[in-house]
Amino acid sequence: MTGTNSLNLEHFGMHPERGFLPVKDPLTSLPEEFSYLDSFGLQLPGLIKQGMVHTLAKDIPIPSRKRLCSLDGPVMQLAWMRYAFIQSALVHGQQTSNKICKNVALPMYWLSKFMNKPPILSYDAYVLSNWKRKDPNGPIKVDNLKLIQTFINDSDQAWFILIHVDIEYEAATAIRNLAEAVSAAAEEKAEERRSIDDVENIIEHALFNVDKALGNMITTMKRMTEGASPDKYYKIRPWIMYFENVLYEGVREYDGRPQSFRGQTGAQTSIFQSLEAGLQMPPMESNELAEYLKEMRLYMPLGHRHFIKKIEDISNIRSFIECQAPRLAGIYNDCVDKVCDFLDMHLQYAIVFILNKTSNPKGTGGSEFMKYLKSRLNERRARAYLKI
């Protein structure tokens with residue numbers, strides 16, 4: 001499809017078989033001139049344990065802004081990840097601090113401006129590009145994956161992150177098929193070539209595959225407790241918390257003003273906002289929740305944001321089914337069922353892994369996580385289904 005309603009994933013920096021994961025496996029090492037950054041990143045768990053992050057971070061060389069922002073995409077992403085982990089270790093380490101030394105603050109700020117996102121560790125660096133395959137020819141599945149960067153040497157932390165990589169990989173089928181269905185329905189609306197029957201068949205086949213992919217995502221999510229324990233997760237969680245009134249030393253643009261940013265959170269995955277937009281689910285009635293989800297897009301890679309906005313703007317799948325293909329309401333609702341099942345599983349894990357282990361009502365993103373998770377699930381259960 002080449003029309004204005006086409007959703008060619010490559011145009012958004014995505015791969016049909018990988019969805020929101022990098023088009024190629026993430027790099028694991030930087031060019032020689034940035035080897036100091038790799039070295040610091042690999043030593044980070046030990047430095048955290050020794051309480052030496054603050055002391056040694058001040059010796060990290062500061063590259064030129066021009067050179068840093070001229071790095072190729074995958075190289076820049078790895079540099080971004082290294083700096084983001086170091087920065088969070090500075091703020092949330094044993095020696096908690098509201099100040100990030102210029103050796104980390106400046107490069108992080110420069111990269112954030114170039115990448116058009118806030119200067120803090122986000123889901124893309126924590127999950128999407130933080131994996132490598134044990135067997136290079138093996139599958140992108142949790143059992144065949146290792147972390148590139150970590151805060152502590154802990155198998156629970158690795159499993160927790162890598163389960164999400166596996167989920168992202170399974171989601172690729174849903175995203176690819178949904179894009180095909182949305183494009184077909186939008187073309188029909190624009191009175192382009194396909195007949196209504198052809199469009200109906202394309203949407204039916206696509207939604208069947210979306211439903212199947214969501215089932216695989218749920219199956220993968222159920223494996224969480226195989227390698228991640230609620231009794232250990234609370235030790236991992238503090239490293240990815242939000243920043244509140246943090247000073248970025250040397251960043252003139254902030255003029256000495258402390259900054260606050262959302263922390264890494266599953267709400268920053270592009271999967272579910274894409275599914276909700278592609279299925280043309282009704283807008284959230286809760287303005288607070290709608291604004292929070294919209295804000296989460298700021299922390300996503302730019303291409304993923306553009307994809308969500310595009311699919312949001314052109315999708316008329318729900319309208320098409322209601323008006324011209326009511327027989328597809330069943331498979332549409334099956335997809336809504338699976339989305340709700342996944343959101344409910346997420347909620348249950350949040351209760352077991354977080355609510356039962358901490359008195360802090362705020363999630364890593366800074367929201368009241370139980371209120372947010374319950375509200376999103378309840379809205380979808382109440383309003384997303386088509387009446388049959």
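K.L.:
How should I be thinking about the overall build of the protein chain in this particular structure?
P.N.:
Looking only at helices and strands, the protein chain features 16 helices and five strands. Expected size for 388 residues packed as a compact globule is a radius of gyration near 21 Å; at 21 Å, the protein chain falls within 12% of this value. Here the C-alpha coordinates of the protein chain stretch approximately 65 × 45 × 45 Å along the principal axes. Relative to its 388 residues, the protein chain shows a buried fraction of 57%. For the protein chain, the proportion of contacts with a sequence separation of at least 24, taken over those separated by at least 6, is 79%. Working note: accessible area of the protein chain is about 17000 Å², and carbon and sulfur atoms make up 49% of it. Each charge class in the protein chain can be summarised by its mean position, and for the 47 positive and 46 negative side chains these summaries are 6 Å apart.

K.L.:
What should I look at first to understand the pattern of salt bridges in this one?
P.N.:
Two side chains that carry opposite charge are able to pair once their charged atoms sit near each other. As enumerated under the stated definition, the model contains 27 salt bridges in all. Residue Arg 257 pairs with Asp 255 through a salt bridge whose shortest N-O separation is 3.7 Å. Residues joined in a network through salt bridges with shared partners are Arg 18, Asp 25 and Arg 133.

K.L.:
Just checking my understanding: could you explain empty space enclosed by the protein for this structure?
P.N.:
Take a probe with the size of a water molecule and roll it over the atoms, and the empty space left behind shows itself. Using the criterion set out here, one finds two cavities of 30 Å³ or more in the structure. In this structure, the largest cavity occupies an estimated 650 Å³ of space. Surrounding the largest cavity, 36 residues form its lining, His 164, Thr 265, Gly 266, Ala 267 and His 346 being those nearest its centre. When contributions to the lining of the largest cavity are tallied by element, the ones reaching two or more residues are α6 (123-128), α7 (155-189), α11 (271-278), α15 (329-355) and α16 (369-383). With seven residues, α15 is the single largest residue contributor to the lining of the largest cavity. When the residues that make up the lining of the largest cavity are grouped by side-chain class, the tally is 22 nonpolar, eleven polar and three charged.

K.L.:
Quick question: what am I supposed to make of the layout of surface pockets here?
P.N.:
Reported here for the largest pocket is a volume of approximately 710 Å³. Lining the largest pocket are 28 residues; nearest its centre among them are Gly 73, Pro 74, Gln 77, Met 115 and Pro 301. For the lining of the largest pocket, the secondary structure elements donating two or more residues are α4 (73-92), α5 (102-115), α6 and α13 (302-314). Roughly 440 Å³ of internal volume is contained in the second largest pocket. Residue lining of the second largest pocket: 16 residues in total, with Pro 283, Met 284, Arg 297, Glu 312 and Arg 380 positioned closest to the centre.

K.L.:
What exactly am I supposed to notice about the packing of α11 against α13 here?
P.N.:
Helix packing for two helices is described by the angle between their axes and how far apart those axes are. Closest axis-to-axis distance for the α11/α13 pair is 8 Å, and the angle between their directions is 15 degrees. Viewed along their axes, α11 and α13 adopt a mutual orientation that is roughly parallel. In the crossing of α11 with α13, the sense of the turn from one axis to the other is left-handed. Across the interface between the two elements, Gln 273, Ser 274, Ala 277 and Gly 278 from α11 touch Phe 307, Ile 308, Ile 311 and Glu 312 from α13.

K.L.:
In this structure, what is going on with the environment of Ser 319? I would like to understand it.
P.N.:
When you line up the elements, Ser 319 lands in helix α14 (residues 317-324). In this structure the C-alpha to C-alpha distance between Ser 319 and Ala 185, which are 134 residues apart in sequence, comes to 9.4 Å.

K.L.:
Honestly, the packing of aromatic side chains in this entry has me stumped. Any pointers?
P.N.:
Pairs of aromatic rings are described using the distance from one ring centre to the other and the angle between the two planes. Applying the stated criterion across every chain yields a total of 14 aromatic pairs. With a centroid separation of 6.1 Å and an interplanar angle of 40 degrees, the aromatic rings of Phe 34 and Tyr 36 are classed as tilted. Centre to centre, the rings of Tyr 233 and Phe 353 are 5.8 Å apart; their planes meet at 80 degrees, and the pair counts as edge-to-face. Of this pair, Tyr 233 sits in helix α10 (residues 230-236) while Phe 353 sits in helix α15, and the two are 120 residues apart along the sequence. Looking at Tyr 233, the relative accessible area reads 7%, which means it is buried. For Phe 353, a relative accessible area of 4% gives the class buried. Members of the aromatic cluster, joined through ring pairs, are Phe 85, Tyr 126, Phe 151 and Trp 239.

K.L.:
Would you explain the pairing of strand β4 (residues 243-248) in this entry?
P.N.:
Within a regular strand, side chains alternate between the sheet's two faces. Note: strand β1 (residues 99-100) against β4, two bridges, orientation parallel. Across the sheet, the residue bridging to Ile 100 is Tyr 248, located in β4. Bridge count for β4 against strand β5 (residues 259-261) is two bridges, and the pairing is antiparallel. If you follow Val 246 over to β5, its bridge partner there is Gln 259.

K.L.:
For this particular structure, what's the right way to read unusual backbone geometry?
P.N.:
Glycine aside, negative phi is the norm for most residues, and most peptide bonds take the trans geometry. Even without glycine at this site, Asn 116 takes up a positive phi of about 60 degrees. As for its position among the elements, Asn 116 is in the loop between α5 and α6. Judged by its relative accessible area of 41%, Asn 116 falls in the partly exposed class. At Asp 255, a position not held by glycine, the phi torsion is positive, near 50 degrees. Along the chain, Asp 255 falls in the loop between β4 and β5.

Basis of the calculations
- Numbers given for residues are sequential positions, taken from 1 along each chain in its written order.
- At least 70 in pLDDT is required for a residue's local features to be given in this predicted model, at least 80 for side-chain atom pairs to be given and counted, and no such filter applies to totals for whole chains, interfaces and linings, which use all residues.
- The basis for every side-chain value is the complete set of non-hydrogen atoms in the structure, without hydrogens or water.
- Here a helix means four or more residues in a row that DSSP labels H or I, a strand means two or more in a row labelled E, and each is numbered from the N terminus.
- When we talk radius of gyration, it's over C-alpha atoms, and the globule rule is simply 2.2 Å times the number of residues to the 0.38.
- Working definition: with a 1.4 Å probe on protein chains only, accessible area under 20% of the residue-type maximum means buried, over 50% means exposed, and in between means partly exposed.
- When checking whether two residues touch, look at their non-hydrogen atoms; a contact exists if any pair is within 4.5 Å.
- For the accessible areas, the method is Shrake-Rupley and the probe is 1.4 Å, while residue cover comes only from the protein chains on display.
- When charges are tallied, Lys and Arg are placed among the positive residues and Asp and Glu among the negative ones, while His and the ends of the chain are skipped.
- Charge coordinates come from a single atom per side chain, which is NZ of Lys, CZ of Arg, CG of Asp or CD of Glu.
- Salt bridge, as applied in this entry: a Lys or Arg side-chain nitrogen positioned within 4 Å of an Asp or Glu carboxyl oxygen.
- Put plainly, a pocket is an open set of points on a 1 Å grid over the protein atoms alone with protein on both sides within 12 Å along at least five of seven lines, a cavity is a set where a 1.4 Å probe fits but cannot get out, and a lining residue has an atom within 4 Å of a point.
- Grid points are joined across faces, edges and corners, and a volume is the space filled by probe spheres set on the points.
- For this scheme, ten residues count as nonpolar: Ala, Val, Leu, Ile, Met, Phe, Trp, Tyr, Cys and Pro. Four count as charged, namely Asp, Glu, Lys and Arg, and the remainder, Gly too, count as polar.
- Simply put, an axis is a line fit to the C-alpha atoms, just over the touching stretch for a helix, and the angle between two N-to-C directions goes from 0 to 180 degrees.
- Note on terminology: angles under 35 degrees are roughly parallel, angles over 145 are roughly antiparallel, angles of 65 to 115 are roughly perpendicular, and the others are oblique.
- If you view the pair so one helix is near and one far, a crossing is left-handed when the near helix is turned anticlockwise from the far one by less than a right angle, and right-handed when it is turned clockwise.
- The criterion for an aromatic pair is that two Phe, Tyr or Trp rings (for Trp, the six-membered ring) have centres within 6.5 Å, with stacked assigned to planes under 30 degrees apart, edge-to-face to planes over 60 apart and tilted to the rest.
- Here, any two strands with at least 2 DSSP bridges between them count as paired.

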